[in-house]
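# Summary of the model geometry
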Amino acid sequence: MTNNKNTHVNPFQVAQHQIEHAVEQLGLPQDVYERLKNPDRFMEAAIPVEMDDGKIRVFTGYRAQHNNVLGPYKGGIRFHPEVDADEVKALSIWMTIKCAVAQVPFGGGKGAVACNPQQMSAKEIERLSRRYIWAMSPILGSKVDIPAPDVNTNAQVMAWMADEYSKIRQYNDFGIVTGKPLEVGGCIGREAATGKGLAYVIREAARAKNLSLKNAVIALQGFGKVGSATARFLGKLGCKIIAVTDIFGGVYNKNGLDPEKLSEYCRETGSVKDFPGGTDIGNEELFALDCDILVPAALQNQITAETAPGIKAKIIVEGANGPTTPEADVILKEKNIFVVPDILANSGGVTVSYFEWVQNNYTYYWTEKEIESRLELKMVEAFNHVFAYMNQLENNVTMREAAFMYALQRLAEAMKMRGWCG
Ligand code: GLU
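Each chain carries its own residue numbering, running from 1 in the written order of its sequence. At least 70 in pLDDT is required for a residue's local features to be given in this predicted model, at least 80 for side-chain atom pairs to be given and counted, and no such filter applies to totals for whole chains, interfaces and linings, which use all residues. Excluded from the side-chain calculations are hydrogens and water; all other atoms, namely the structure's heavy atoms, are used.

Glancing now at the pairing of strand 1 (residues 41-50). As a general feature of sheets, a regular strand has side chains that alternate between the two faces. Whether two strands pair comes down to DSSP finding at least two bridges between them. Only DSSP runs of H or I covering at least 4 residues are called helices, and only runs of E covering at least 2 are called strands; the numbering of each starts at the N terminus. Where strand 1 meets strand 2 (residues 56-67), ten bridges bridge the pair, whose relative direction is antiparallel. When the sheet's bridge partners are listed, phenylalanine 42 is paired in strand 2 with alanine 64. Connecting the antiparallel pair strand 1 and strand 2 is a turn made up of five residues, with glycine 54 showing a positive phi of about 90°.

Let us look at the packing of helix 2 (residues 11-26) against helix 15 (residues 399-417). Between helix 2 and helix 15, the shortest axis-to-axis distance is 9 Å and the interhelical angle comes to 75°. Overall, the two elements helix 2 and helix 15 adopt an arrangement that is roughly perpendicular. Where helix 2 approaches helix 15, its residues Gln18, Ile19, His21, Ala22, Val23, Gln25 and Leu26 are matched on the opposing element by Arg400, Glu401, Phe404, Met405, Leu408 and Gln409. Grouping the amino acids of the contact of helix 2 with helix 15 by side-chain chemistry returns seven nonpolar, four polar and two charged. Under this scheme, a helix contributes an axis fitted over its contacting stretch, all axes are lines through C-alpha atoms, and angles between N-to-C directions fall in the 0 to 180 degree range. By definition in this entry, angles of less than 35 degrees are roughly parallel, angles greater than 145 are roughly antiparallel, angles of 65 to 115 are roughly perpendicular, and the rest are oblique. Any two residues whose heavy atoms approach within 4.5 Å at even a single point are treated as in contact. For this classification, Asp, Glu, Lys and Arg are treated as charged, while Ala, Val, Leu, Ile, Met, Phe, Trp, Tyr, Cys and Pro are nonpolar and the rest, including Gly, are polar.

Our next topic: the packing of aromatic side chains. Stacked, tilted and edge-to-face are the three classes applied to pairs of Phe, Tyr and Trp rings, where Trp contributes its six-membered ring and a pair requires centres within 6.5 Å; stacked means planes under 30 degrees apart, edge-to-face means over 60, and tilted covers the rest. For the structure on display, the rule yields ten aromatic pairs. For the ring pair phenylalanine 383 and phenylalanine 387, a centre distance of 5.6 Å and an interplane angle of 20° mean the geometry is stacked. Here phenylalanine 387 and phenylalanine 383 lie together in helix 14 (residues 368-392), a separation of four residues that amounts to about one turn. Here the aromatic cluster, defined as three or more aromatic residues joined through ring pairs, consists of Phe106, Tyr354, Phe355, Trp357 and Trp366. Positioned above the aromatic ring of phenylalanine 106, the side-chain terminus of lysine 74 is 5.9 Å from the ring centre. Two conditions define a charge sitting above a ring: the NZ of Lys or the CZ of Arg must be within 6 Å of the ring centre, and it must be within 35 degrees of the ring normal. Across from the ring centre of tryptophan 366, 4.0 Å away, lies the NZ or CZ of arginine 374, which sits over that ring.

In this text, near means that some heavy atom of the residue lies within 4 Å of the molecule or strand in question. Taken together, 14 residues surround the ligand, and among them Lys74, Lys98, Pro149, Asp150 and Ser353 come closest. In protein, a polar contact means a hydrogen-donor-capable atom and an acceptor-capable atom, both N or O and within 3.5 Å, with residues adjacent in sequence counting only if both atoms are side-chain atoms; elsewhere, any N or O pair within 3.5 Å suffices. Contacts to the ligand include lysine 98, whose side-chain N or O atom sits 2.6 Å from an oxygen atom. Between the ligand and the protein, one listed contact pairs an oxygen atom with a side-chain N or O atom of asparagine 321 at 3.1 Å. Each accessible area is a Shrake-Rupley estimate made with a 1.4 Å probe; only the visible protein chains count as cover when residues are assessed. Computed on the free molecule, the ligand has an accessible area of 290 Å², of which 95% lies beneath the protein chains in the complex. At the level of elements, strand 3 (73-79), helix 4 (85-102), strand 5 (145-149) and helix 13 (348-362) are the ones that each hand at least two residues to the shell around the ligand. For the shell around the ligand, the per-class residue count stands at four nonpolar, five polar and five charged.

What follows is about the state of the cysteines. Note on terminology: disulfide denotes any pair of cysteine sulfur atoms within 2.5 Å. Inspection of every chain in the model, using the stated rule, returns zero disulfides. No disulfide involves cysteine 187; its sulfur sits 16 Å from that of cysteine 99, the nearest cysteine. To sort residues, take the accessible area from a 1.4 Å probe on protein chains only and compare it with the maximum for the residue type: under 20% means buried, over 50% means exposed, and anything in between is partly exposed. For cysteine 187, a relative accessible area of 4% puts it in the buried group. With no disulfide of its own, cysteine 239 has cysteine 291 as its nearest cysteine by sulfur position, at a separation of 12 Å. For cysteine 239, a relative accessible area of 9% translates into the label buried.

Time to look at the sheet that holds strand 12 (residues 338-340). Taking strand neighbours across the sheet as the criterion, the seven strands line up as 9-8-7-6-10-11-12 in an open arrangement whose pairing is mixed. Every other strand in the sheet has two partners, leaving strand 9 (279-280) and strand 12 as the edge strands with one partner each. Pairing between strand 8 (residues 249-252) and strand 9: two bridges, direction antiparallel. Note that in strand 9 the partner of tyrosine 252 across the bridge is threonine 279.

A word on the side chain of lysine 378. With respect to the helices and strands, lysine 378 occurs in helix 14. In this charge count, Lys and Arg are treated as positive and Asp and Glu as negative; neither His nor the chain ends contribute. Think of a salt bridge as a Lys or Arg side-chain nitrogen and an Asp or Glu carboxyl oxygen that are within 4 Å of each other. We note that lysine 378 is buried and unpaired, the nearest opposite charge coming from glutamate 381 at a distance of 5.2 Å.

Residues lying three or four places apart along an α-helix face the same way, a consequence of the helix completing one turn every 3.6 residues. The span you would expect from a helix comes to 1.5 Å times its residue count less one. Taking 1.5 Å of rise per residue, the 18 residues of helix 4 would be expected to cover 26 Å, and the 26 Å separating its terminal C-alpha atoms lies within 8% of that figure. Along helix 4, 17 of the 18 residues are buried, which leaves the element largely enclosed by surrounding structure. Positive phi shows up at glutamine 103, right after helix 4, with a value of about 55°.

For the rest of this paragraph, the subject is the sheet that holds strand 1. The mixed open sheet is built from five strands, whose spatial order is 1-2-4-3-5. The sheet is open, and its two borders are formed by strand 1 and strand 5, each paired with just one other strand. Looking at each pair of strands side by side, their axes are set apart by 20° on average, direction ignored. Across seven bridges, strand 2 lies against strand 4 (residues 108-114) in antiparallel orientation. In the sheet register, glycine 61 faces strand 4, and the bridge partner there is valine 113.

Put simply, helix 4 and helix 15 touch, their axes get as near as 8 Å, and they point 85° apart. Overall, the two elements helix 4 and helix 15 adopt an arrangement that is roughly perpendicular. Across the interface between the two elements, Trp94, Thr96, Ile97, Cys99, Ala100 and Val101 from helix 4 touch Ala403, Phe404, Tyr406, Ala407, Leu408, Arg410 and Leu411 from helix 15. Looking at the contact of helix 4 with helix 15 residue by residue, the class counts come to eleven nonpolar, one polar and one charged.

Next comes the structure, spelled out in structure tokens:
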């Protein structure tokens, strides 16, 4: 899989440029950009961890708190060997925008540890998670900054983090992180929420573009938490998923892959590679497939100036954060491909995180039905608000530009009210 390191696109510069562009398009004062171009606060910490062989290894951990004008900083923590400060800063900016678009009362934050969890034992990951929270605890809090899962982190990691934070504070503070297991204040459906939200957005996008979902042909990059849940929900909506890739390989079948069987196979083997229901396929080929909807649900900088020209999909719905480079965006616009951006499309995760946090604060828990219907409502509303907003703008703006403008308007108004800028 290609990533930001070998395509030389700096996601932080991209995010800054996106804000600057929206500020310009809206004719907002320059100090709105000055206020938003960098995170409010950025923390880098050495995270010493005792490994199973008894040796201490020091990892680098990050937390970026971008903006909290609309509510506490909010955003996941990723464990990835190639993560760096600029990636975390970019992701924190996108969280601010995402929460404003999704209308959840949070600001934006993001955290990460540069490590390879695939090469670590469960005990080592536990010690790393606890030590990370300990290092960041001075700047976290259930009313200050609330982490969640992201790439390579999950409910178990959140449980360790909530436990460690509660030990430090000497009381149970379950609202300190979201995405926890149900047993310790988690929310029903949180794990599948991003994928489910994405499927709702795909349904709305298809409706807006007069595309029937029955037998709609889908190509999906990434089969982690987001990709696999998306595939299962799309399967239920009648879509035909013809190709899926992950970091180890990919599988293709023009008659469609069974998402349930593929998920089961992936749980057992750790990858979609060599799934008996199809033939091998790589990322480049996947992007160039003849399909209706392309869903990048892996990492940033996947749809690039190199891959974009070959894309044949009518609609792209971004499950990953930052999968499309700005150069590729221009190409996709010229090709008239309808792109539903990450900051809207994958907001189902943080939306259910919001539900979890509300329930933790109230210590009153909702039913599955309540959570499901609230998520659907939020996703449908978010898509339609941005779509209507885009259509009312003159200059042929994309959904990404419209989503940024929509968010920036809310943020700028709130900052003005609070006396943060002009
Ligand atoms: N990591 C997810 C995202 O990028 C969820 C964040 C959250 O729930 O706070 O949107």
